[in-house]
Amino acid sequence: MDMTTRLKCLLMAIQQYKENRTATNATKLQKQVEEVSTLPSEQLLTPGQALPAECVSGLVDLAGNPNTSPALTSCIVSLLEQLACDEASREMLHSSFSLTNTLAFIIHSHSATPGEPLLLQCLRVLQKLTYNTRVFQSINYFHELITFLMTNIQSHNDELITPCLGLMANLCRDNHSVQSHIRSLDNVKAFYRTLINFLAHNNLTVVVFTLSILASLTMNEKVGEKLFDAKNIHQTFQLVFNLIVTGTDTCKYAVDLLVDLLKNSKIADYLSRYKHFSVCVSKVLGLLHSKDPESAAKVLELLLSMCRISGLRSLLCDVVFKPAAPKLRAGRRQGPDADVKESGVALVQCLSSSVDQAEARTLQALQLLHELLEEALGADSVAACVLSYVEMLLPVLLDLLRGLDSAEGDARLKKHCTRITHVTSLLLVLCAEDSTRTVVSRQVSAQLCLSQVEDLLSCCHNNSPLTCPAPQSDNSLSQVSSEALLKTLELMSKLRQQVEDMVTSFYKMLQDPRIVTPLSLAMTSHHRESVQTALSLLFEATPLPEFPALILGECIAANNAYRQREAELSVKRVAVQEFPPTRTNGSLLDASIGSIHKTVNGLADKMLNGLALQEKPKDSLVSEVINVYEQKLSAFESKESRLQDLLEAKALALSQADRLISQFRMQQAQAESEARKLGGLLKEGERRREELQCNLGNQVLEVERCKSDIEELLKHNARLQQDSEEHQTLKGAYNTLLNRLNESERLLKELQAAHISLTKQNDTLKKNHETLQLQNDRTVALVEERDEEIKSLHLNLQQKDSDIAGLRSELRAEEQKLKEKEQERRDLEETVDVLRKELDKTQQARKDASIKVSTLEQQKSQLEVKLKQKEDELNKHSSMIAMIHSLSSGKMKNESNVSL
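Residues numbered from 1 in each chain as written. Predicted model: local features only at pLDDT ≥ 70, side-chain atom pairs only at ≥ 80, totals over all residues. Heavy atoms only, no water.

A. How the structure looks around the confidence of the model for the chain. A residue-level look at the chain finds 83% of positions with pLDDT of 70 or above and a mean pLDDT of 80. Element-level pLDDT for the chain is lowest in helix α21 (residues 324-329), with a mean of 39, against a maximum mean of 92 in helix α13 (residues 204-218). Here residues 324-341 is a poorly scored stretch, pLDDT under 50, and it has 18 contacts once near neighbours within four places are set aside; other chains count. Here residues 573-600 scores under 50 on pLDDT; set against residues more than four positions off or in separate chains, the count is 35 contacts. (pLDDT = per-residue confidence, 0-100. Helix = DSSP H or I, 4+ residues; strand = E, 2+ residues; numbered from the N terminus. Contact = heavy atoms within 4.5 Å.)

B. Seen up close, the side chain of Gln452. Structurally, Gln452 is set in helix α28 (residues 446-461). Classification of Gln452 as buried rests on a relative accessible area of 4%. If we skip the residues at most four places from it in the chain, Gln452 touches Leu401, Arg402, Leu404, Ile420 and Thr488. (Buried < 20%, exposed > 50% of the residue type's maximum accessible area, 1.4 Å probe, protein only.)

C. Inspection of the packing of helix α24 (residues 359-377) against helix α25 (residues 384-400) at higher detail. Running from amino to carboxyl end, α24 crosses α25 at an angle of 150°, the nearest separation of the two axes being 12 Å. One way to sum up the angle between α24 and α25 is to call them roughly antiparallel. Here the hand of the crossing between α24 and α25 comes out left-handed. Within the contact between the two elements, α24 uses Leu366, Leu369, Leu373, Ala376 and Leu377 and α25 uses Val386, Tyr389, Val390, Leu393 and Leu397. (Axes fitted to C-alpha atoms, helices over the stretch in contact; angles between N-to-C directions. Parallel < 35°, antiparallel > 145°, perpendicular 65-115°, else oblique. Left-handed = near helix turned anticlockwise from the far one by under 90°.)

D. Region of the structure containing the environment of Leu401. Mapping Leu401 onto the fold places it in the loop between α25 and α26 (410-431). Here Leu401 is in contact with His416, Ile420, Val423, Thr424, Leu427 and Gln452, once residues within four sequence places are set aside.

E. Region of the structure containing the packing of helix α19 (residues 293-307) against helix α20 (residues 310-320). For the pair α19 and α20, the least separation of the axes is 7 Å and the interaxial angle reads 125°. Judged by the angle between their axes, α19 and α20 are oblique. Between α19 and α20, the contacting residues are Leu303, Met306 and Cys307 on the first element and Leu312, Arg313 and Leu316 on the second. Looking at the contact of α19 with α20 residue by residue, the classes come out as 5 nonpolar, no polar and 1 charged. (Nonpolar A, V, L, I, M, F, W, Y, C, P; charged D, E, K, R; others polar.)

F. Focus on the pattern of salt bridges. The full count for this structure, using the stated rule, is 25 salt bridges. With its nearest N and O atoms 3.0 Å apart, the salt bridge here joins Lys298 to Glu301. With Lys298 and Glu301 both in helix α19 and 3 residues apart, the pair spans about one turn of that helix. Note on Glu301: relative accessible area 28%, which makes it partly exposed. Across the pair Glu684 and Arg687 runs a salt bridge, and its minimum N-O distance is 2.2 Å. A residue pair is termed a helical-turn pair when its members lie 3 or 4 positions apart in one helix, as Glu684 and Arg687 do in helix α35 (residues 619-899) at 3 residues. The class of Glu684 is partly exposed, set by a relative accessible area of 41%. Overall, the relative accessible area of 39% leaves Arg687 in the partly exposed class. Counted as one network, the salt bridges with shared partners bring together Arg173, Asp174, Asp256, Asp260, Lys263, Lys298 and Glu301. (Salt bridge = Lys/Arg side-chain N within 4 Å of Asp/Glu carboxyl O.)

This is how it looks when you write it as structure tokens:
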């Protein structure tokens, strides 16, 4: 059974169960859900497919319905947990299907039974769903969810504490509204005390979750300053690095915790002074050898966050670059520090993975190397280990520049162009320093750059059927390939003096008419770096004779006009969103837009082919054909834009309607449950009122009895008052006598203590006198010995003075020789300056000659084309002359025959 059939069966079972909630239908639906769970998750959450989306939406609605059986709800939640396997799927379940609201409702419904397995399952799925996702307070049952989490965290239920802490850590991270809500609660101090007690827990997962919550809530408060002060922060660093190195499930939470802590300048300074920092970073870099892309991506995310801190960036350079030199000289490990020596090699190995497997990891590794090499090359002097690392890195970078095939899909081409942009940016960093630029120029060839630019030009120019394409999004293939092309041209500009034939290739590419498309996109971009790169290339290309400056201006004007039109249409799109469309029009609009694209492309091809096949077209006929096709193209473009706007408006309104329907269903279920609760409360209130009525009669009788008892108690109280006055008088006399006795005992104890202390002082003074007498005798003997040593040192000092006088004379002679050498060095520097000026003149002449050569080549190709055209016309004329001669000769023969 294929996927479509299974999904249709699942959708039918969902509809049957919604219409008739029987045990049989529930069993059938549960069986269908279990069968669908065997399918790959990416087939159920593919954007743009209606059948899988309807199935997932129906399952989410059933899970959020309180009338659904718990067994079926648990089965549905298991399938949804299986679907939330990656970040894109989790985002789709959270935003498109409102799964977060549904799970919060289920948790609220079963909060009275915390030991139920369904509750633990929902907490686990919600923790996975909210990781790295901001949850707003507008979701249903948000405040009840926060109360439930805080209550169970402070309870003694070990099964609920860990998932509740993990979910609370996700909700609090980078979410100021949730943090403010928790701080405003009344029991927040008790909650803080519970979290601080968890720091001594034997489960490290609980400790990491607790530290993450405390870092989010108390970082800028007094509690946070005490928790993360200089005394405790080193233990936190050690715990976090141990969890990252061991590679447990909480590795990503440990990385997030350290990233959040580094946002505080004090903690970043503490980490820069952490004595085990180098060893820990080396161990963390060793995780890049693992086959798990998610762990490696989190490690690279941590290292990138460290690179944003100037104090840590230099330490990272020491760890990555300096240990890499022994690895280049030896092919095997040498001693116990082999893991440390391979720290920098792990980054190079991250770059060798394919585009499909670990694209994000490769781009992160390129960004990290960009930051580190920029720091290392920005120093006063470049270390030899950095140069060795660059030599090892360059072959891998050059391999990444190869393999661009225009026949591949757009998604793969887009990834490859993005990778080319990062690689060329890293090569530009290497070209900023003279020593590393020499290393790069030895391995980069002009042919490689030329082929790369040719491929990128074709990819950028052929992405749109028109010559001047409209500005597209930043993530479009045309935009990405344009950025990669401009970076490659900038690299050629940097290396044109060091690499052979690079100057000719560079100026040849600048005169290619296809360069107009990437330059116009970059000139109208909102990225500052793209505009600056385009301006620098334009400055180089403007003096060239064959540069298409006029076409470039027209493209820039067309891009600006398109942006203005998009801004005007955005207001209309917002207004159209208020009208919800039907679902059946989406496919029709997609089909019509596709047919319009095909028709426009076909008309353009026919027009080009028709004009190419005509041998000698007339000017009037060509202009009429062009006008007809231009009118048709403009009509199709306007129709396409209107259909595209309508499609976007209908899609947005459809998603809004789906969200409103799901919210209405949940609110309806909530209202029904609240109505049942209010009916029970009303019955309980009536029963309670009857009980209170009986109690009121009993209380009246009791009040009368109490009045008589109060009168007797008042009489007894008067008698007790008289006895109390007599007791107070006797008590005063007793206290006076007791004070006199205490004062006498105190004086006696003080006198005894003074006598004892004086006796001890007398004994101490006697012992000190004897000790001082012995020390005086020893001092006299030492003084005599010191006098003899002073005499011997005086003799040695006289000998040293004579030796110093001889050395001073030798020093004067050496200084005279040094002055002579300095004069010779000045003469050589003057000679070198003269040679440099001559070399500059030679290079300028070489540049002018290269420009003339490229211009002459262009003129030669044009003259060859014209010569071929002239030859064709000459052949035609010769054939026409022969035909005229043949006709004229035949006519003369006929006339002679007639005369005869």
